[in-house]
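# Observations on the three-dimensional arrangement
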Amino acid sequence: MHFPGIAELASIRFSIRAHRRPPGQAPGTLEEPPGAFETSLSLRVWTEEGHVASEPEDLDPVREAISAGQRVWLNVTGLQNLALLREVGALLGIHPLWLEDMLNTRQRPKQELDPERRALFVVLQMAGPGSGLPLEQVSLHLKGNVLLTVQERPGDAFEPVRQRLARGDGRMRSGGADWMLYALVDALVDGYYAPLEALGEELDQLEEAALDRPHPTQLVRIRGLKRVLLHHRRALWPMREVLAALEREDRAGLAADTRLHLRDCHDHVLQLLDLVETFREVASGLMDVYLSSVSNRMNEVMKVLTIIATLFIPLTFVAGVYGMNFDPDVSPWNMPELGWRYGYPVTLLAMALIAGTLLLWFRRRGWLGGGV
Amino acid sequence: MHFPGIAELASIRFSIRAHRRPPGQAPGTLEEPPGAFETSLSLRVWTEEGHVASEPEDLDPVREAISAGQRVWLNVTGLQNLALLREVGALLGIHPLWLEDMLNTRQRPKQELDPERRALFVVLQMAGPGSGLPLEQVSLHLKGNVLLTVQERPGDAFEPVRQRLARGDGRMRSGGADWMLYALVDALVDGYYAPLEALGEELDQLEEAALDRPHPTQLVRIRGLKRVLLHHRRALWPMREVLAALEREDRAGLAADTRLHLRDCHDHVLQLLDLVETFREVASGLMDVYLSSVSNRMNEVMKVLTIIATLFIPLTFVAGVYGMNFDPDVSPWNMPELGWRYGYPVTLLAMALIAGTLLLWFRRRGWLGGGV
Amino acid sequence: MHFPGIAELASIRFSIRAHRRPPGQAPGTLEEPPGAFETSLSLRVWTEEGHVASEPEDLDPVREAISAGQRVWLNVTGLQNLALLREVGALLGIHPLWLEDMLNTRQRPKQELDPERRALFVVLQMAGPGSGLPLEQVSLHLKGNVLLTVQERPGDAFEPVRQRLARGDGRMRSGGADWMLYALVDALVDGYYAPLEALGEELDQLEEAALDRPHPTQLVRIRGLKRVLLHHRRALWPMREVLAALEREDRAGLAADTRLHLRDCHDHVLQLLDLVETFREVASGLMDVYLSSVSNRMNEVMKVLTIIATLFIPLTFVAGVYGMNFDPDVSPWNMPELGWRYGYPVTLLAMALIAGTLLLWFRRRGWLGGGV
Amino acid sequence: MHFPGIAELASIRFSIRAHRRPPGQAPGTLEEPPGAFETSLSLRVWTEEGHVASEPEDLDPVREAISAGQRVWLNVTGLQNLALLREVGALLGIHPLWLEDMLNTRQRPKQELDPERRALFVVLQMAGPGSGLPLEQVSLHLKGNVLLTVQERPGDAFEPVRQRLARGDGRMRSGGADWMLYALVDALVDGYYAPLEALGEELDQLEEAALDRPHPTQLVRIRGLKRVLLHHRRALWPMREVLAALEREDRAGLAADTRLHLRDCHDHVLQLLDLVETFREVASGLMDVYLSSVSNRMNEVMKVLTIIATLFIPLTFVAGVYGMNFDPDVSPWNMPELGWRYGYPVTLLAMALIAGTLLLWFRRRGWLGGGV
Amino acid sequence: MHFPGIAELASIRFSIRAHRRPPGQAPGTLEEPPGAFETSLSLRVWTEEGHVASEPEDLDPVREAISAGQRVWLNVTGLQNLALLREVGALLGIHPLWLEDMLNTRQRPKQELDPERRALFVVLQMAGPGSGLPLEQVSLHLKGNVLLTVQERPGDAFEPVRQRLARGDGRMRSGGADWMLYALVDALVDGYYAPLEALGEELDQLEEAALDRPHPTQLVRIRGLKRVLLHHRRALWPMREVLAALEREDRAGLAADTRLHLRDCHDHVLQLLDLVETFREVASGLMDVYLSSVSNRMNEVMKVLTIIATLFIPLTFVAGVYGMNFDPDVSPWNMPELGWRYGYPVTLLAMALIAGTLLLWFRRRGWLGGGV
């Protein structure tokens, strides 16, 4: 599995530019987000007997299916074509603020109910491939038999749902649009497991590496992982509340059984949050491991210096003493050793003795082992 | 975008002098805050058809507009003219404690309802340009068709609202004074995005700098950023509660649709708080990065010392030995090396060998690379 | 403003001796707290028209005023005269446990209601001058038109209230005993601003000092400030709950308008707690600044050592080499340099070259600047 | 008691692979978890008079016992035989989502009620032997007189319950299936004490070792212990909620007395969580102890270096001075000491004096003791 | 006051062996806890007029007093005699689970109500002498006029209550068994003040010592104090909830006035928890003080090394230069200084100048003072 390298991690910024409409703009104004992808439609119409999948150019097939009272899932990918989105809003009777929310990507996940229009609106964040970042906003709008989903980019976690619908698996065809909403939310939540799994493995590898060979680049990676975890947490935390609300209350158009299954999604989100919190603690601990590993290395360096210096300083002193130029001819008190027959070998022996004693002392203090 | 330098950041103190009336003064006493700006009025009167903007010298035009039952937004800038403010209070029937709150700047954001007078009072903190500091207190008083706003200084985040009113955009003219209140709160909340964006970029730059070239001034900047974030958090945290209260309860004069739109502001404040918390975590982590970066530098210094010292100490010892003055004439045991034909070159060679062995050992321990 | 020095701060102990009655003593037993001040009375009787202030020797004037149905504020200072306090308790019909609470100073702030006797009992902690410590317990007992306050020591934050009553300011005379209770609580809460202001300035100065010239005494001061902040927090935190309770519920004898004004006090306590929390975070950060500043100093010391040692160690080695006593007469291989015409100057030059190269290398690594 | 060594601890990864069905799979799909154990059945049927234990090959004996209205505990060990599990689900009328949950091991502990089927479903995590890891999921399904338990692996904490049933101890035979559920939950909760006890002893030993002889492997063990504690906490925290729910609400088929006994289990879980939190704090403190112990060691090393170097550096300098080759013949100012009668002994004496003074100074600073 | 020394503190383990019955044992089984003390009875029977204290051998006097409808306090000390305890349980009609709880010492404090039997059961932890550890479990069982208390060991905090009963102080004799329960709980809570006071003094002394002469044994003591505080917190935290429950709800047999007095105990527990939290913060800060004190010491050591080494390294180099053996006879360029008349004194002077300059530079950097 691909995991972001240092360079990529460093580029995970907390950019907030795309979060909001230009300051002071009137609410309900639709504006193309910067860097929006081309808009395309994907339509699924199904009955208990079969299902039709199409990629319509305009909304006519959708209009027909709705008038025919059929079960419809319309998926809009890319936010470039504002006119088309406005048309969708008009066709499905979407609240203007909700339409605006679909375009203002990087919203906090939330769910809202319009009791008047009997419509349910859910905003979620979908994890991407690899580390799961960047997250992609997915808006779901449910009204009667019609489910609309809007996503930022091509590529999503919904492919298995489409396949199950095509195969006619389980309750995919017998369920209504609310069941489809559950199936999509379930797939979206499941999409967080793979990135977190990758993060867990990355953490394990980093810990091992930090213990063995601490390196400043590990610091950068730890920081990067913490940022990735922060992003996941910011997405999952409010999703917990969203799912709790969907599961509990009598939400427009959600059958009792659908809500029971949404409780399962709720459990998964709690489990994911558990994991994120655990990983955050592990990542915080990693910093300690790294710092303590660096400090161990430093201690080794210092010990080598101390041992070498402490060993040779007394010897060098002895050599220095016998390098003094006191005149032995003046008096017998002046460095008579220099004139002794075995002066030099005895001095060397004395030096060896000093060094040996020091080494023994070092060994007794445990400085010569591999430990601290 | 301009961001405060070190000197400016250092001057962000937690001054609390302006928070309160002189201790022991009677409640409801109006007193000019120290350093108050000159007071000026700005009046907006609008109907569905058009709108009139004026900068009246006294309250007569306001009085007329109110008697005519028109929709009125009166903005008071600067708190120097207490007599005028008292007059405004009398004209609009404002509770004395609320009038005092308008003057006691740096209040905690709050909202209060006077069920008797059917008036709503909201105190918010507005972000300034640049880093958003110093914050400016904005008080909003809504009663029927009349909205009063009081701000400390010239310059505000409301310009786009004035332009939309002038252009007749959206619901600006069809909405009542409560819609105007929403529009102003919305603009005020939006005004926090730019400063936080700047803070985020500053954090990213600081992190890079701390990794590359740690310097004590970065410590000062990290501390400054944390203080700025503390200020933003202190302003935004209670605004969350204020907006939750406005959105939920049946507040005097707030139409259902206005409250629905205020929920949008609430979402934005939550998003801003998310960002502030994230940035605070990042800033805390920055300290770790800085300290670990400093310690890396230190380790390099120590390693250089250790390598050089460990390399030369044994060599110097050898040189010291052959500098001893034992008399080779006395006995053949006394430093015969000095008299050998190749004594000197062999000694130099031995020294080179020692140095080479040590260098090899250093390399094997990984001390000669660029890492830790 | 006076701020406690190191010696004073060090003496801020968490003494708990005075918190409690001797273990095992019967509840409701009155006992003079150790080191209690002499008891004195101060009486204020007022009507809308005027007011009388006196310092009575006994309770007769109080008894008269109460029988006459007048508005009465009796202030007791000092807890030495237990007989007098018992008499006061009997006169006003105070619950025995409350009477005991008045004597057991350093209580947690609390409020209690005796529905039977229709009496309200509030215990607060009042900040002293300077750093606000030691705190002083103030007990307020309100029953009908009679307000009793009991404080530990002479000197309090109530002087401005007395002056306003004397001047007949605002609602001081028209209000009842409950309004007086509000005015006193308001003055007491306001009394926390000055000490916190002083603490804020102290923190700013300490931060600057810790960056410039770190010194162990700063550590003691940081610890002292944290202790002072802990004391303030322990006093303010429960006062928040006390004021919330007074403001919300239909407390005996508190008029609706009085409760509205108490909400103002509640806001102030929240603001003070905000400040205390902010200061605590700043103080925690100060420790980091101090430690990092110390470590910077250390790094400088180490760098000087490393530069000097690294510079001279190779030179000393060279000098050592040419101090060896190999006999040049034996062979032309033995230190012929010693006999060269320019041997010495060339050697000196070589040494200068080595030193220069090392200095250049240090400069390129940025070790010769003032940074880390 | 066996406790995991370093190698084992290092292998405690936060693997999340087994947490979930393959992404996108339809809900309610049963799939064999990777590495599932062989499935085996164990049946207990009891009345007040006696009990029958059997290990049936198929479900026929279970079917008989149920039709006879007997009290039944069916235990399924190992999740390999999906067909058998589906058959069990059909026989007992288990909700498909619950059946799926039984297979998706490493669920968060939870309890759910199916009011329609009057069935109760509880998922718990059971501690294994030694350190308690890996945890094993146990699902309990109670409906009327029939209790089903599903566990991942052979070996469990239920042996004492089986023995008490065999011996006819206490209320084991007079109680219904709900009492059996309580007995099993109680045994499962009790099973956490031994691992935590072992962890506590390990912590105590580690602390002692870290103080005496800090070693990097201790760091690995501390990290390992923290991970083990995280796992226990993740299992126990939601069990708290599960037991609180079982105890409080009128759960299907739980007699009042059973619920009273479950409160006892609840108390035990709270006590276990207390212990886990305490151990986590102790483990965090251990890191401090380890680091401070390492730093103490380092300080000792540095002190030895400093003492030796500081002692010999001045002596070596003196020796160096008298090693200079100034020519005493040229002038009486050039090192006349070299020609003195007692030059050498006096020099040696001076050196001894210098060394003695330094040693005295060291002793006065307390550097020669064993302290810091 | 005696405070545990290092050895004692080190022995404060988190042993959990005694917390629980052997895993898998049937609930309601009574078993003698390991190391239980011998069981003895102590009986107090009182009326308004007088009271009788006795140490009965068996339960006959208790049975008589109960049948006579008298107010009875039966205290059981030591848990060795299971038969007697079972007899007590039968006599007073105690729930089997409660009887088991009395024996399972180190329970979490809790209170339970048996509405059927109209009995109240409270489990608390009593502080011992000195540091308050080991804690001792006290169980209180109140039913009508009969109060049973069970404690682990001889020696308790109830002596003052017994004396007040003997003296007939206050309401001791006029109150019922519920008042006796209050008096005992009050005495038990008061018993925590002395140990915490001792802990506070110990903390103050440790802080002073850590600043003056940091020593690793202080680390052990800090850790020991933190463990003691953890134990106190684990005992007091749930007692808060217990007292809140007793005070608020209409508990069996607790008169309104008794509950009012229990509120006083509640206040004390809150105060004690405040203290424990404060002490925990102080103890955490102590670690910082210790580490920073150690690091200061280290810095001093390093500075001494640096100053001595930096001072002598250049001087030794100079001496080394003039120890070189270049032959001055070969050319006038070879060390002519050696032949100068004042060569030696000038060299010594130059050395003194170098040393002086360096000392001046050190002084200007502030390295020669006592600071950091």
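Residues numbered from 1 in each chain as written. Chains lettered and ligands numbered in written order. Predicted model: local features only at pLDDT ≥ 70, side-chain atom pairs only at ≥ 80, totals over all residues. Heavy atoms only, no water.

## Description of the interface of chain E and chain C
Which entries qualify depends on this criterion: Contacts are assigned to residue pairs that have any heavy atoms within 4.5 Å of one another. Put simply, buried area is how much 1.4 Å-probe accessible surface two parts lose in total, over both of them, once they are put together. In what follows, salt bridge is the name for a side-chain nitrogen of Lys or Arg lying within 4 Å of a carboxyl oxygen of Asp or Glu. Counting of polar contacts relies on pairs of N or O atoms within 3.5 Å, with two restrictions inside protein: one atom must be capable of donating a hydrogen and the other of accepting it, and residues adjacent in sequence are counted only when both atoms are side-chain atoms. Numbering of helices and strands runs from the N terminus; a helix is a DSSP stretch of H or I covering at least four residues, while a strand is a stretch of E covering at least two. Classification used: nonpolar for Ala, Val, Leu, Ile, Met, Phe, Trp, Tyr, Cys and Pro, charged for Asp, Glu, Lys and Arg, polar for all others including Gly.
In this assembly, 67 residues from chain E lie in contact with 65 residues from chain C. Around 5800 Å² of area is buried between chain E and chain C when both sides are counted, 62% of it from carbon and sulfur atoms. Linking chain E with chain C are 9 salt bridges. Here chain E and chain C share 17 residue pairs in polar contact (both at pLDDT 80 or more) between them. Listing elements by their share of the side of chain E that touches chain C, those giving two or more residues are α5 (159-167), α6 (177-190), α7 (193-212) and α9 (256-322) of chain E. Along the lines of polarity and charge, the residues of the side of chain E that touches chain C split into 31 nonpolar, 17 polar and 19 charged.

## Brief notes about the confidence of the model for chain A
Predicted coordinates in areas of low pLDDT are best not read in detail. Residue and element names in this part refer to chain A. Short version of the rule: Scored from 0 to 100, pLDDT reflects the predictor's confidence in each residue.
Of the residues in chain A, 90% reach a pLDDT of 70 or more, and the chain-wide mean stands at 85. Across chain A, the element-wise mean pLDDT spans from 45 in helix α1 (residues 6-10) up to 96 in strand β7 (residues 146-151). Between residues 1-11, whose pLDDT stays under 50, and residues either more than four places distant or in other chains, the model counts 19 contacts. Note on residues 13-20: pLDDT is under 50 here. Beyond four places in sequence and across chains, it has 29 contacts. The complex prediction reports pTM at 0.78, with the ipTM value standing at 0.73.

## Overview of the relation of the copies chain D and chain A
We apply this condition: Here the copies are matched by least squares. The fit uses the C-alpha atoms of residues with pLDDT of at least 70 in both.
Once turned by 72° and shifted 0.2 Å along the axis, chain D lies on chain A with an RMSD of 0.2 Å. Taken together, these values place the two copies in the relation of a five-fold axis. No C-alpha of chain D lies nearer the rotation axis than that of D:Gly323, which sits 4.6 Å from it. When the interface residues of chain D are mapped onto chain A, a mere 12% of them are again interface residues, pointing to distinct binding faces.

## Topic: the relation of the copies chain E and chain C
Rotating chain E by 72° and moving it 0.2 Å along the rotation axis overlays it on chain C with an RMSD of 0.2 Å. Mapped onto chain C, only 12% of the interface residues of chain E again fall at the interface, so the copies present different surfaces.

## Describing the interface of chain D and chain A
Contacts between the two partners involve 66 residues from chain D, matched on the other side by 67 residues from chain A. Summing both partners gives a buried area of about 5800 Å² for chain D against chain A, and 62% of it is carried by carbon and sulfur. Linking chain D with chain A are 9 salt bridges, by the criterion used here. With its nearest N and O atoms 3.1 Å apart, the salt bridge here joins D:Arg227 to A:Glu207. Residue assignment for the side of chain D that touches chain A shows that the elements contributing at least two residues are α4 (96-103), β4 (110-114), α8 (216-248), α9 (256-321) and α10 (343-364) of chain D. If one sorts the elements of the side of chain D that touches chain A by residue count, α9(D) sits on top with 19 residues. Split into classes, the residues belonging to the side of chain D that touches chain A amount to 36 nonpolar, 12 polar and 18 charged.

## Thoughts on helix α9 (residues 256-321) of chain C
Counted only if it meets this: Any helix carries an expected span of 1.5 Å times its number of residues minus one. Throughout this description, buried means an accessible area under 20% of the type-specific maximum (1.4 Å probe, protein chains only), exposed means over 50%, and partly exposed covers the range between.
With 66 residues, α9(C) ought to run about 98 Å at 1.5 Å a step, and its terminal C-alpha atoms sit 97 Å apart, in line with that. Counting buried positions over the 66 residues of α9(C) gives 52, a clear majority of the element.

## Let's talk about the sheet that holds strand β2 (residues 51-54) of chain B
Two orientations exist for strands paired in a sheet by backbone hydrogen bonds: parallel and antiparallel. All names here are of chain B. Our working rule: Note: two strands are recorded as paired if DSSP finds a minimum of 2 bridges between them. To obtain each axis, a line is fitted to C-alpha atoms, and for helices this fit is confined to the stretch in contact; angles are then taken between N-to-C directions over 0 to 180 degrees.
Here 7 strands make up an open sheet; going across it, the order is β2-β1-β3-β7-β6-β5-β4 and the pairing mixed. Strand pairing shows two members of the sheet lacking a second neighbour, β2 and β4 (110-114), which therefore form its edges. For this sheet, the mean inter-axis angle between neighbouring strands, taken without regard to orientation, is 15°. Of the strand pairs in this sheet, strand β1 (residues 40-46) and strand β3 (residues 71-77) are connected by 7 bridges, and their pairing is antiparallel. For Leu41, the partnering residue across the bridge sits in β3 and is Val76. Helix α8 (residues 216-248) rests against β4 and β5 (119-126) of the sheet, and its axis sits at about 155° to β5.

## Focus: the packing of helix α7 (residues 193-212) of chain B against helix α9 (residues 256-321) of chain B
Residues and elements named next belong to chain B. Filter applied, for reference: Each angle is binned into one of four classes, with values under 35 degrees roughly parallel, values over 145 roughly antiparallel, values of 65 to 115 roughly perpendicular, and all other values oblique. Should the near helix be turned anticlockwise from the far one by less than a right angle, the crossing is termed left-handed; should it be turned clockwise, right-handed.
Relative to each other, α7 and α9 sit at 15°, their axes nearing to 9 Å. Relative to α9, the element α7 lies roughly parallel. Crossing angle aside, the handedness with which α7 passes α9 is left-handed. Taken together, the residues of the contact of α7 with α9 break down into 16 nonpolar, 4 polar and 3 charged.

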